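The lines below spell out each chain.
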Amino acid sequence: MGIINTIKGITNHLPGIRRPERSSLVDAFMNEYGWTFTTPDKHIGDLKTYYDAYDSCIWVRRCCGVLCDEMLSSGYRINNPHKEQVNFERVNYLTDLFNAPGGKFAEDTFSSLIKQIVPSWKVTGDAFIEVNHDEVFGNIPNGFRFIPTELMGYDYERDAWCLRNTDHIFEVENLIHIFEPKITIRGSKWGTSLIDTVSMDIALEVLGLSHNKEIFANHGLDPRGVLNFDKTVAKSIVEANILRFKKEKNKKGMIVTQGANYQATNNSNKDMEFLDLLQYARDRIITMFGVPPAKAGIIETGNIGTGTGESQDKNFAKVMNGNCNVIEDSFNKNLGRSGFQELFEFIREDHENKLNRADIEDKQLRNGTTYINEVRSGYGLEPVEWGNVPMNYSQFALAASPEQLDESRLIQPDSQVKMLEKALLSERYGNDYGF
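From a predicted model like this one, the values you see are computed outputs, not experimental measurements. Throughout this document, residue positions are counted from 1 along each chain, in the order its sequence is written. The model is predicted, so local features are restricted to residues of pLDDT at least 70 and side-chain atom pairs to those at 80 or more, both for listing and for counting; the totals for chains, interfaces and linings are taken over all residues. The basis for every side-chain value is the complete set of non-hydrogen atoms in the structure, without hydrogens or water.

### A short note on the overall build of the protein chain
To be explicit about the condition: Under the scheme used here, helices are H or I runs from DSSP no shorter than 4 residues and strands are E runs no shorter than 2 residues, and both carry numbers assigned from the N terminus. For this analysis, residues touch if any pair of their heavy atoms sits within 4.5 Å. All accessibility values rest on the Shrake-Rupley procedure with a 1.4 Å probe; residue burial counts only the protein chains present in the view.
Broken down by element type, the protein chain carries 13 helices and twelve strands. In the protein chain, of all internal contacts separated by at least 6 residues, the share reaching a separation of at least 24 is 64%. Entry remark: accessible area of the protein chain is about 28400 Å², with carbon and sulfur atoms responsible for 54%.

### Digging into the packing of aromatic side chains
Note the following rule: Ring pairs shown here join Phe, Tyr and Trp side chains whose ring centres sit within 6.5 Å, with only the six-membered ring taken for Trp; geometry is labelled stacked below 30 degrees between planes, edge-to-face above 60, and tilted in between. For each residue, the accessible area found with a 1.4 Å probe, counting protein chains only, is set against the maximum for its type, and the residue is called buried under 20%, exposed over 50%, and partly exposed in between.
Within this structure, the stated rule accounts for 17 aromatic pairs. Note on Phe 98 and Phe 144: the rings are 5.2 Å apart at their centroids and 50 degrees apart in plane angle, and the pair reads as tilted. Here Phe 144 lies in strand E3 (residues 140-147) and Phe 98 lies in helix H5 (residues 88-99), a separation of 46 residues in the sequence. Taking the relative accessible area as the measure of exposure, Phe 98 reaches 1% and is therefore buried.

### Some thoughts on the pairing of strand E2 (residues 126-134)
Taken residue by residue, a regular strand's side chains alternate between the two faces of the sheet. Put simply, the test is: Criterion used throughout: strands pair if DSSP finds at least two bridges between them.
Bridge analysis of E2 against strand E6 (residues 175-179) gives five bridges, and the strand direction is antiparallel. Looking at E6, one finds that Ile 129 is bridged to Ile 176. Connecting the antiparallel pair E2 and E3 is a turn made up of five residues, with Gly 138 showing a positive phi of about 70 degrees.

### Let's talk about the layout of surface pockets
Under the convention used in this document: Only protein atoms enter the calculation, which uses a 1 Å grid: trapped sets of points that fit a 1.4 Å probe without letting it out are cavities, open sets showing protein on both sides within 12 Å along at least five of seven lines are pockets, and any residue with an atom within 4 Å of a point is a lining residue. Grid points are joined across faces, edges and corners, and a volume is the space filled by probe spheres set on the points. Only Asp, Glu, Lys and Arg are considered charged in this grouping, and only Ala, Val, Leu, Ile, Met, Phe, Trp, Tyr, Cys and Pro are considered nonpolar; every other residue, Gly among them, is considered polar.
Here the second largest pocket defines a volume of roughly 980 Å³. Within the residue set of the lining of the second largest pocket, elements represented by two or more residues are strand E5 (160-163), E6 and helix H10 (309-337). Among the residues making up the lining of the second largest pocket, the classes are represented as twelve nonpolar, four polar and eight charged.

### A few points about the environment of Arg 282
Assignment of secondary structure puts Arg 282 in helix H9 (residues 274-289). Look at Arg 282 and you get buried, because its relative accessible area is 8%. Considered as a pair, Arg 282 and Pro 293 are eleven residues apart in the sequence and their alpha carbons are 9.4 Å apart.

### Describing the sheet that holds E2
Here is the rule we go by: Axes here refer to lines fitted to C-alpha atoms; in helices the fit is confined to the stretch in contact. Angles between the N-to-C directions go from 0 to 180 degrees.
Strand order in the open sheet formed by three strands is E3-E2-E6, and the pairing between neighbours is antiparallel. For this open sheet the edge positions go to E3 and E6, each flanked by a neighbour on one side alone. Neighbour to neighbour, the strand axes of the sheet diverge by 25 degrees on average, direction disregarded. Pairing between E2 and E3: seven bridges, direction antiparallel. Looking across to E3, one finds that Asp 134 is bridged to Ile 140. Seen against the sheet, helix H6 (residues 110-124) touches E2, E3 and E6 and runs at an angle of roughly 140 degrees to E2.

### Side note on H6
Turn by turn, an α-helix covers 3.6 residues, leaving residues three or four places apart pointing in a common direction. Formally: Multiplying 1.5 Å by the residue count of a helix minus one yields the expected span of that helix.
Under the 1.5 Å per step criterion, the end-to-end length of H6 is 21 Å for 15 residues, consistent within 8% with the ideal 21 Å. Of all the 15 residues making up H6, eleven are buried; the element is thus mostly covered by neighbouring parts of the structure. Every buried residue belonging to H6 is among Phe 110, Leu 113, Ile 114, Ile 117, Val 118, Pro 119, Ser 120, Trp 121, Lys 122, Val 123 and Thr 124, and all of these are buried. Positive phi shows up at Gly 125, right after H6, with a value of about 95 degrees.

### As for the pairing of strand E9 (residues 343-346)
Side-chain alternation along E9 places Phe 344 and Phe 346 on a buried face and Leu 343 and Glu 345 on a face that remains uncovered. Bridge analysis of strand E1 (residues 76-79) against E9 gives four bridges, and the strand direction is antiparallel. Residue Tyr 76 lies in a different strand from E9, and its bridge partner there is Phe 346.

### Looking at the packing of helix H3 (residues 44-56) against helix H4 (residues 58-73)
Operational definition: An angle counts as roughly parallel when it lies under 35 degrees, as roughly antiparallel when it exceeds 145, as roughly perpendicular when it falls between 65 and 115, and as oblique in every other case.
Packing of H3 against H4 leaves a shortest axis separation of 5 Å and a crossing angle of 85 degrees. In terms of orientation, H3 and H4 fall into the roughly perpendicular class. Here H3 contributes Ala 53, Tyr 54, Asp 55 and Ser 56 to the contact with H4, which in turn contributes Ile 58, Val 60, Arg 61 and Cys 64. Residue composition of the contact of H3 with H4, by class: five nonpolar, one polar and two charged.

### Things to note about the pattern of salt bridges
Note the cut-off: The salt bridge definition used is simple: a Lys or Arg side-chain nitrogen within 4 Å of an Asp or Glu carboxyl oxygen.
The full count for this structure, using the stated rule, is 16 salt bridges. In this structure, Asp 96 and Lys 104 form a salt bridge, with 2.6 Å as the shortest nitrogen-oxygen distance. Taking relative accessible area as the criterion, Asp 96 reaches 33% and is therefore assigned partly exposed. Two residues, Lys 189 and Asp 159, come together in a salt bridge whose shortest N-O distance is 3.7 Å. With Lys 189 in the loop between E6 and helix H7 (195-217) and Asp 159 in the loop between strand E4 (152-155) and E5, this pair connects stretches of sequence that are 30 residues apart. What you see here is one network of salt bridges that share partners, running through Arg 62, Asp 69 and Lys 115.

### Structural notes on the state of the cysteines
Our working rule: Criterion for a disulfide: a pair of cysteine sulfur atoms within 2.5 Å.
Per the stated rule, a full pass over the model turns up zero disulfides. There is no disulfide at Cys 57, and the cysteine sulfur nearest it, in Cys 63, is 8.3 Å away. A relative accessible area of 1% places Cys 57 in the buried class. Unpaired in this structure, Cys 63 has its nearest cysteine sulfur neighbour in Cys 64, at a distance of 7.1 Å.

### So, the environment of Phe 110
With respect to the secondary-structure elements, Phe 110 resides in helix H6. With relative accessibility at 8%, the residue Phe 110 sits in the buried group. Along the sequence, Phe 110 and Ala 100 sit ten residues apart, while their C-alpha atoms lie 6.4 Å from each other. Those residues within four positions of Phe 110 in sequence are excluded, and the remaining contacts are Leu 72, Tyr 76, Phe 98, Asn 99, Pro 101, Phe 344 and Phe 346.

Dropping the structure here:
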C-alpha cells in the first residue's frame, strides 16, 4: 500500500476533518476488549494526599507558584499568525473571554484561572475546565470554569467525562482536560501526579519536621540526671522518690532505675543531620518540578545544580515553553472546534530570541524574501499600503510590485529607506512595551 501511494502521489482532495480512529488497530482492539483495562476514578483518599502535599510541603507549593508566576509575568495575547488581516472584533472578544472567564460579574480572572489550573495539573495530574457556550450567538464559547479533580469521573460505557457518580455527561467541546499523560494502558484516561514520584521525599520532610517539633516541645531528649536504687531497696521508697521528683519543675526529667545500670548513648552525626535531610528532599522535589533553586527562593553561597545562573535560566525557559505549550494547545484545540482561527498564547520574555528574530527579519527584508506586511502580521500590527512589495536594500530600491522587481526605481538610502526602517522599528517597540 505504501509503494502504491508513493507511485500515485498525494491526492489533490484532502479530508477536511481527519478521523484516524477509523483505520486504527488499537482503537479497534480497545472497542472490543477495552473494558478489561478500565479502572475506577481517582480515589478520594489519593486526591486528599495530593492536596495535603500541596498544603503542607513548602517546596511543592512554591514550585507551583513559580510556574504560575512565570506564565503570568508577561501576560498573553490572541493572535492569528496565518492571516495578514487581523480580525480585531474576534481578537477583542477572545481577549475579553480570557480576561473575565466567568463573565463580567464574576470574581474569576485569567490569573485566578491559571493559579487553579497549574497546581491541579501538577499535583493531582489532571486539570479540568468547563467551557460554556452561547447558544444565541452561534454556540461560541462565552466562559471558562475550573472544575476540581475530585468532582470528575469517567463513564466508560458512554466514553465521556462526567461529574462523579452522576449522569451529567460532558460533550467534547464542553470540556478541556489538561493532564500528565501515562505511558501505561490501564487508567490512561487519567493523568499521573508528580507527587507520586516524590512522595517519599515529601514524607521525609514532613516526618522529620514533626519529629523535631516533638523534641523542641519537650525541651530536648536528654534527662537531667540518673538516680539508681539498689535492687534491695523497698518499692515504696522508690515510688516516694519518683513522686517527689515529679513535683519538681524539671521538664527534662530524671531517669530512675532499680537493680540496673544506665548508660547514656549518643546519636551519631548522621542521625543529627536533619538539615541535610531537608535539603536532600528539597532538591529532589524542585528537580521533579523542573524549577531552578534561585527561582524557588533558595539562596546559598554554593551553586546548586549544574551550570551558571544564566544557563539555568535558559534551561528553565525551555521548561516553561513546554508547560505553556501544553496549556495553549488544550485551549486552542477547543477554540478551533468553535471555528476560531485565532490562537491563545503566553508571551515569552526571551530577549535573546527577540534579538535573533529581529536580525533574521531584517536580513529577509533586505534580500527581498519577505515583505513588510508579513513581518507586521507576526506582531499583530495592521498592514500598510506599501508593505506588500519586496524592498531591495542592496540596491536601495523599492519595487512597485513583485513583477517589476528588476525595474525598481532607485531611492536614496538616507531618506525613504531609513524612514521606513525607523517607522517599523518604532511600531514594533511600541507594540512590545506599550508606548
